[in-house]
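Residue-level structure breakdown
Next come the chains, spelled out residue by residue.
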Amino acid sequence: MGTSKIAKKIDKLEAEAEALRKKAEKKGKQLSDQVVDKVEDLTADDDKGGKTGLFVVLLGLGAAAAAFVLKRKRDQELDEALWEEPRSL
């Protein structure tokens, strides 16, 4: 039994969403590594005030929270799209 046009479109969208997810995870990992490196640099520097280090940590936490929220939103939109036009079995 052949797949319908809608099923093909859904498969294509799922593949694109998966590629975007992998790209976002890679970028998130890079940013998190940069934050960790920066925090280590700032904590090793005792001459500077602790405010800069705290700012960087809070900035990193904010970026991680934003990435998490965007990922959840994308997952929800994908789920809604699948519910709107389910595949034929």
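Residues numbered from 1 in each chain as written. Predicted model: local features only at pLDDT ≥ 70, side-chain atom pairs only at ≥ 80, totals over all residues. Heavy atoms only, no water.

Along the backbone of the protein chain there are two helices and zero strands. Taken across its 89 residues, the protein chain has 7% of its residues classed as buried. Carbon and sulfur atoms make up 61% of the accessible area of the protein chain, which totals about 7800 Å². (Helix = DSSP H or I, 4+ residues; strand = E, 2+ residues; numbered from the N terminus. Buried < 20%, exposed > 50% of the residue type's maximum accessible area, 1.4 Å probe, protein only. Areas by Shrake-Rupley, 256 points an atom, 1.4 Å probe, with all protein chains shown as cover.)

Okay, a nonpolar patch on the surface next. Taken together, the side chains of Leu54, Val57, Leu58 and Leu61 present a nonpolar region at the surface, about 370 Å² in accessible area. Relative to the helices and strands, leucine 58 is located in helix H2 (residues 50-84). (Patch = residues over 30% accessible without salt bridge, like charges linked within 9 Å, V, L, I, M, F, W, Y side chains within 5 Å. Salt bridge = Lys/Arg side-chain N within 4 Å of Asp/Glu carboxyl O.)

Before going further, it helps to spend a moment on a negative patch on the surface. Residues Glu77, Asp79, Glu80 and Glu84 make up a contiguous surface patch of negative charge. Locating aspartate 79 in the fold gives a position in helix H2. For aspartate 79, a relative accessible area of 44% puts it in the partly exposed group. (Lys, Arg positive; Asp, Glu negative; His and termini not counted. Charge placed at Lys NZ, Arg CZ, Asp CG, Glu CD.)

Let's shift gears to helix H1 (residues 5-44). The terminal C-alpha atoms of H1 lie 58 Å apart, and with 40 residues this matches the ideal 58 Å at 1.5 Å per residue to within 8%. Of all the residues in H1, the buried ones are Ala7, Ile10, Ala17 and Leu42. (Expected span 1.5 Å × (residues − 1).)

As a further point, take the pattern of salt bridges. In the structure shown here, the tally under the stated rule is five salt bridges. Arginine 74 is the partner of aspartate 75 in a salt bridge, and the nearest nitrogen-oxygen pair spans 3.0 Å. Taken together, the shared-partner salt bridges in this structure form one network comprising Glu18, Arg21 and Glu25.

Structurally, aspartate 75 can be placed in helix H2. Assessed through its relative accessible area of 24%, aspartate 75 is described here as partly exposed. When the C-alpha positions of aspartate 75 and alanine 17 are compared, they lie 8.9 Å apart, and in sequence the two are 58 residues distant.

What follows covers the environment of valine 35. Looking at the element boundaries, valine 35 is found in helix H1. Here valine 35 falls in the partly exposed class, since its relative accessible area comes to 27%. Taking the C-alpha atoms as reference points, valine 35 and leucine 59, 24 residues apart in sequence, are found 8.5 Å from one another. Not counting the four nearest positions on each side in its chain, valine 35 is found in contact with Val56 and Gly60. (Contact = heavy atoms within 4.5 Å.)

Function cannot be read off these values alone, since they describe shape.
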